[in-house]
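Below are the chains, spelled out letter by letter.
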Amino acid sequence: MTPQTNTGDGRVAIIGLGGLFPAARDVHEYWDNIVHGVDCLSEVPETHWRIEDYYDPDPSAPDRTYARRGGFVPTIDFDPLHFGLPPTTLGVTGVVQLLSLVVARRTLADAGTATAGWYDPSRTGVILGVTGCNSLTQPLSARLQTPVLKEVVRSCGLTDTDAEEIAAKFTAAFAPWEENSFPGMLGNVVAGRIANRFDLGATNCTVDAACASSLAALRMAVAELASGRADLMLSGGCDAENTILMYLCFSKTPALSRRERVRPFDEEADGTLIGEGIGMLALKRLADAERDGDRIYAVLNAVGSSSDGRYASIYAPRAAGQVVALRRAYQEAGYGPEQVGLLECHGTGTARGDLTELTALRQVFEEAGAPAGATAIGSVKSQIGHTKAAAGAASLIKVALALHQRVLPPTINVDTPRRDADLDSSPFHVNTRARPWLTTPGRPRRRAGVSAFGFGGTNFHCLLEEHRDDVDAHPAPLATPVLHRTHQVHAWHAPTVPELLLGLDVPGAPPELTEPIPAAHPRLTLVARDEAELETLRQQALSTLRLDPGIDRFELPGGAWFAAHARPHLRTAALFAGQGSQYVDMGRTAVLALPPLRAAFDEAERHAAGLGATVFPPPVFDQDDRSRQEAALRATDRAQPAIGALSLGQYRYLRELGFRPDTALGHSFGELTALWSAGSLSDEDFLRLAVARGRAMAGVGAHDSPPEQGAEQRDEPTGDPGTMAAVGCGADRLSTLLAGHDDVVLCNDNASDQVVVGGGTTSVRRFVDACRASGVAARVLPVAAAFHTQRMGAAEPAFASAVADVTVATPAFPVRSTTLGAEYGSDPLRNARILVDQLTGPVSFGPRIEELHEDGIRVFVEFGPGRVLSGLVRRLLPGQADVEVLTSDPGPHGDADRSLKQLVARLIVLGHPLTHPNRHAATPPCDEEKPQMSIPMNGANHVPAD
């Protein structure tokens, strides 16, 4: 291949990732652990060193460590023949060299080099961060202490023969000195062996910048690409040094946590714990990657670096030095810190180190005018420990995947943010749970920073961003498969029950459902998040069906459903929730698991800036702050587009699987969503009207009325906007109770035992007192206005103006209006008038549900947050054995991803022709080559069986 002459604008694409980290055999497992907040630390395994030999809780005890926990890579199968290594040399080859071969191979494969026409090994290099200590050095050095040992033996009165015999047994416990021992112990050979085995012809070397080694290596790798000396570079960091020597190094500094927990930025943080890890990234010039159509995880824009210069201590962190690295990075990138939404900090969990880092970050971010609390900070060390030379690589891989997956990843073990950092008044918040990473008008492109600092006063800060060709274009749904483990829908079917039993009897998951199940086929579905749950439910279903093969249908409590055939004459209604159903973090796990939901919130954010931060706000640590977040989401101009976005995303996911209802009905605001579902409104027009409706109603101090849902935030009223009350009776009884209360009217006819009334504040309170005196339950709702009454007339002009700018087209299937006597049809102007009039007219939800049932609707599917409408339907149609009421969302205390997948599973069993329910889940990587030899290997040096 001809050497490149055009090196582009200096930006670099990350096109491949590979990793081996604590509790993670590959980057898929690593990312899954991150998203789910798994603590991957454990006690020291005996393969490394025995706790009883070296542990002492007293930090001052000589030659002892006060830590028993750390991060340890899992045991994997290593095939030396695949890498051309004689098995006899493994005992004298440092394990970091061997495991790095595995990770390098996976990284190159992930970059697509096996089939890429552009790949040229002669123009590919490898630069890795590897610290000075090497675990093989210790046993080889130990052999050299035999003269001292012999002298000690003789001094104890034993003979020369005893001394020789003891020394021989001593040296037999360690790796021998032989031809391969010298290269086997050298750190630079980690890169050299990779270049040798994969025939890489560009630069190979290692860099030791202590705990910043990975980012130092990254900087050098970027320079190779920028200069044109290489077209592809492997970079990252490698560390399998969790030997007792390393524990002693960190113990006597001292830097390890006495409580044996890594708690970055927490008030109780008292130190770090060390971990093993190997992480690599395949880097390519961005212009070349775009030209070649590579999958790009993230774009590396800049790597800033600095030295602390003369300072009090060679290992103490210095804020001034870190500030220089930060400023250099942002200057090189060409944008400011205010554009960064995520910071992966060095964050070791040491009190002084964390405070120094936060001080430096705060200075640089506040100088740039970064918004208060807008940037999430975190550290993967809370989960895997401090992986030393690999720490920067672990952080880079985490952030590259966060950008690629559009997820703000969590940091664990933070209960109370440290008070001396005063984070509440800073540009930062500690992110303690995975959240959707949404764009905002002020930050149209997702951007992140990664820091690493090393002993010796070396500082690095690099800047990454998502890869998008056109940030101003309408945001497309994320086509990238979701990498973290999500709930999966598993479906079996066969022409007969005996044949179905045969299929069920095979362990593991069935093939993905690619065609609709024939109506006559017996079918069974279940929803599981992992293999263990899948096997439990599969066995339970198998046992149940074997006991009664002639059963028509059954449901298992854990989430499995069976039917002997599809439901005949299946007619389904889609129901759409109104305001009052919303809750903070609504649908979070489903939004993280399903790109159509994430895309819906990104689109809504374009119409209602800051919506994402209202629905998925930063974690808070006291109830007052939580109450303020809940109140913010209750505001009408926030709640309505938020509910609309979630409903839109849920319905889109079902629609792409093949879901088609026979009719739709919405409660209050939900009527707008129902029209969108039937194609009467485009996506853009729907979101525009959702925002306009909320703003118009908020403008008169009103909040949409939930069906007897709770506290609404008060807007400042003009005059008396009125109020509302829930009454425990039906509309018939209400008409009698309303006699003599002329200023009180029916607002919501929800069910036979629930209506909502509205009117002047004093009048409604008097009416509530009268109801109670008559033995009818009633209570004033904490809303800001009398909703669905003529008092909402002031909102009509603004909303009508917005509706006039769109076309409310003929729905593709019937959409029932909750305004009795009004029907949406082929006249766009009449459709618009019904939609506007709904603001002041009563909501007749209950009568409409009864009409649908009379028309043959037997399946009701609720979209939106919570289960309010489902509860009403069950009260309206009690004891109807043929009625199925299904929900998309479990409410604030359930798993939204599980709930939505269970909805899919139940619809399949009922007979809806849904396919490809797991289309957005990534397939875990697998090694297609069959190993010739398999040797179990972890972070401890290999010891031959003899």
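Just so it is clear, the model here is predicted, and its values are computed rather than measured.

Participant: For the pairing of strand β1 (residues 12–20), give the residues involved together with the corresponding values.
Facilitator: Burial within β1 is extensive, with 9 of its 9 residues counted as buried. Examined bridge by bridge, β1 and strand β9 (residues 298–307) share 3 bridges and lie antiparallel to one another. Across the sheet, the residue bridging to Val-12 is Leu-300, located in β9. Where β1 lies against strand β8 (residues 277–285), 8 bridges are found, and the strand directions are antiparallel. The residue of β8 that forms the bridge with Ile-14 is Leu-283.

Participant: How would you summarise the packing of helix α27 (residues 796–804) against helix α28 (residues 828–837) if you had to cite specific residues and measurements?
Facilitator: For any two helices packed against each other, one specifies the crossing angle of their axes together with the interaxial distance. Interhelical geometry of α27 versus α28 gives an angle of 150° and a closest axis separation of 10 Å. As summarised for this structure, α27 and α28 are arranged roughly antiparallel, according to the angle between their axes. Seen from above, α27 lies across α28 with right-handed handedness. Across from Glu-796, Phe-799, Ala-800 and Val-803 in α27, the residues of α28 making contact are Ala-832, Arg-833, Leu-835, Val-836 and Asp-837. For the contact of α27 with α28, the residue count by class is 6 nonpolar, no polar and 3 charged.

Participant: Which residues make up the sheet that holds strand β28 (residues 859–863), and what are the values?
Facilitator: With parallel pairing, 5 strands are arranged side by side in an open sheet as β27-β22-β21-β28-β29. The two strands at the open ends of the sheet, each matched to only one other strand, are β27 (815–816) and β29 (884–887). Two strands pair when backbone bridges link them, and strand β22 (residues 663–666) and β27 are joined in this way by 2 bridges, in the parallel orientation. Looking across to β27, one finds that Leu-665 is bridged to Arg-816. Those strands touched by helix α22 (residues 636–657) are β21 (572–576) and β28, and its axis lies near 130° from that of β28. Most of the contacts of helix α23 (residues 670–677) go to β22, to which it runs at about 160°, and overall it touches β21, β22 and β27.

Participant: Give me the packing of helix α19 (residues 595–607) against α22: which residues, what numbers.
Facilitator: Their axes nearest at 8 Å, the elements α19 and α22 cross at an angle of 145°. In this structure, α19 crosses over α22, and the sense of that crossing is right-handed. Residue-level inspection shows Pro-596, Leu-597, Ala-599, Ala-600, Phe-601, Glu-603 and Ala-604 of α19 in contact with α22, the latter providing Ala-642, Ala-645, Leu-646, Leu-648, Gly-649, Gln-650, Arg-652, Tyr-653 and Glu-656. When the residues that make up the contact of α19 with α22 are grouped by side-chain class, the tally is 11 nonpolar, 2 polar and 3 charged.

Participant: Requested: an account of the pattern of salt bridges, with residues and values cited.
Facilitator: A complete count under the given rule lists 57 salt bridges for this structure. Notably, a salt bridge pairs Arg-468 with Glu-466, separated by 3.2 Å at the nearest N-O pair. By relative accessible area, Glu-466 is classed as buried at 3%. Overlapping salt bridges, with partners in common, bring together Arg-123, Asp-231, Lys-284, Arg-285, Asp-288, Arg-291, Asp-292 and Asp-294 in one network.

Participant: Can you explain unusual backbone geometry? Please cite residues and give values.
Facilitator: Cis rather than trans, the peptide bond between Thr-253 and Pro-254 has omega equal to -10°. Inspection of the secondary structure assignment puts Pro-254 in the loop between α10 (244–251) and β8. For Phe-265, which is not glycine, the phi torsion reads 65° and is therefore positive. Mapped onto the secondary structure, Phe-265 falls in the loop between α10 and β8. A relative accessible area of 0% places Phe-265 in the buried class. Backbone geometry places Ser-668, a non-glycine residue, at a positive phi of 55°.

Participant: Could you give an account of α28, naming the residues involved and the relevant values?
Facilitator: The set of residues buried in α28 consists of Asn-831, Ala-832, Ile-834, Leu-835 and Val-836. Sitting at the head of α28, Asp-827 places a side-chain oxygen 3.0 Å from the backbone nitrogen of Leu-829.

Participant: Can you break down a nonpolar patch on the surface residue by residue, with the values?
Facilitator: On the surface, Ile-314, Tyr-315 and Phe-455 cluster together to form a nonpolar patch covering roughly 360 Å² of accessible area. Tracing the sequence through the fold places Tyr-315 in the loop between β9 and α12 (319–333).

Participant: An account of empty space enclosed by the protein is requested, with residue identities and associated values reported.
Facilitator: Within this structure, the stated rule accounts for 4 cavities of 30 Å³ or more. Reported here for the second largest cavity is a volume of approximately 50 Å³. Forming the boundary of the second largest cavity are Val-482, Thr-486, Gln-488, Ala-593, Leu-594, Lys-901, Pro-917, Asn-918, Arg-919, His-920 and Ala-921. For the lining of the second largest cavity, a count of residues per class yields 5 nonpolar, 4 polar and 2 charged.

Participant: Run through the nonpolar core, naming residues and quoting values.
Facilitator: Ranked by internal contacts, the top residues of the largest apolar core, which has 90 residues, are Leu-654, Leu-681 and Leu-689. The contact partners of Leu-681, leaving out residues within four places of it in the chain, are Leu-672, Leu-675, Trp-676, Phe-686, Leu-689, Val-806, Thr-807 and Val-808. One finds Val-303, Leu-401, Trp-437 and Leu-464 within the second-largest nonpolar core, a separate group that totals 55 residues.

Participant: Which residues make up the layout of surface pockets, and what are the values?
Facilitator: Reported here for the second largest pocket is a volume of approximately 970 Å³. Together, 35 residues line the second largest pocket, and His-48, Ser-135, Pro-139, Ala-173 and Phe-174 are the ones closest to its centre. Mapped by element, the contributors of at least two residues to the lining of the second largest pocket are α2 (51–54), α4 (137–143) and α10. When the residues that make up the lining of the second largest pocket are grouped by side-chain class, the tally is 18 nonpolar, 11 polar and 6 charged.

Participant: Please give an account of the environment of Asp-270 that cites residues and values.
Facilitator: Along the chain, the position of Asp-270 falls in the loop between α10 and β8. For Asp-270, a relative accessible area of 25% translates into the label partly exposed. Taking the C-alpha atoms as reference points, Asp-270 and Gly-336, 66 residues apart in sequence, are found 32 Å from one another. With sequence-adjacent residues up to four places away left out, Asp-270 is seen in contact with Leu-256, Ser-257, Arg-258, Arg-259, Arg-261 and Gly-349.

Participant: So what about the packing of aromatic side chains? Which residues, and what values?
Facilitator: Counting across every chain of the model gives 18 aromatic pairs. Between Phe-365 and Phe-428 the ring centres are 5.2 Å apart and the planes differ by 65°, which places this aromatic pair in the edge-to-face class. Residue Phe-365 is found in helix α13 (residues 351–367), and its partner Phe-428 is found in strand β13 (residues 428–430); the two are separated by 63 residues along the sequence. Taking the relative accessible area as the measure of exposure, Phe-365 reaches 0% and is therefore buried. Residues Phe-576 and Phe-863 carry aromatic rings whose centres are separated by 5.4 Å and whose planes lie at 20° to one another, so their mutual orientation is stacked. On the criterion of sequence distance, the pair formed by Phe-576 in strand β21 and Phe-863 in strand β28 is long-range, its members being 287 residues apart. Across the pair, exposure class does not vary: Phe-576 and Phe-863 are buried alike. Over the aromatic face of Trp-118 sits the side chain of Lys-284, whose NZ or CZ is 3.2 Å from the ring centroid.

Participant: Hey, could you go over the sheet that holds strand β20 (residues 560–563) for me, with residue numbers and the actual values?
Facilitator: Taken in spatial order, the 4 strands make up an open sheet running β17-β18-β20-β19, and their pairing is antiparallel. Across the chains shown, the open sheet's two edge strands, defined by having one partner strand only, are β17 (488–493) and β19 (553–556). Neighbour-to-neighbour, the strand axes of this sheet turn through a mean angle of 10°, independent of strand direction. Strand direction decides the pairing type here: strand β18 (residues 523–528) and β20, joined by 4 bridges, are antiparallel. When the bridges of β20 are listed, Leu-524 appears paired with Phe-562. On top of the sheet, helix α17 (residues 531–547) reaches β17, β18, β19 and β20; it is set at about 155° to β18, its chief contact.

Criteria and cut-off values
Residues numbered from 1 in each chain as written. Predicted model: local features only at pLDDT ≥ 70, side-chain atom pairs only at ≥ 80, totals over all residues. Heavy atoms only, no water. Buried < 20%, exposed > 50% of the residue type's maximum accessible area, 1.4 Å probe, protein only. Helix = DSSP H or I, 4+ residues; strand = E, 2+ residues; numbered from the N terminus. Pairing = 2+ DSSP bridges. Axes fitted to C-alpha atoms, helices over the stretch in contact; angles between N-to-C directions. Parallel < 35°, antiparallel > 145°, perpendicular 65-115°, else oblique. Left-handed = near helix turned anticlockwise from the far one by under 90°. Contact = heavy atoms within 4.5 Å. Nonpolar A, V, L, I, M, F, W, Y, C, P; charged D, E, K, R; others polar. Salt bridge = Lys/Arg side-chain N within 4 Å of Asp/Glu carboxyl O. Polar contact = N/O pair within 3.5 Å; in protein donor to acceptor, adjacent residues only side chain to side chain. Patch = residues over 30% accessible without salt bridge, like charges linked within 9 Å, V, L, I, M, F, W, Y side chains within 5 Å. Areas by Shrake-Rupley, 256 points an atom, 1.4 Å probe, with all protein chains shown as cover. 1 Å grid on protein atoms, 1.4 Å probe; cavity = no way out; pocket = protein on both sides within 12 Å on 5 of 7 lines; lining within 4 Å. Points joined across faces, edges and corners; volume = space filled by probe spheres on them. Core = buried A, V, L, I, M, F, W, Y, C linked by side-chain atoms within 4.5 Å. Phe/Tyr/Trp six-rings, centres within 6.5 Å; stacked < 30°, edge-to-face > 60°. Lys NZ or Arg CZ within 6 Å of the ring centre and 35° of its normal.

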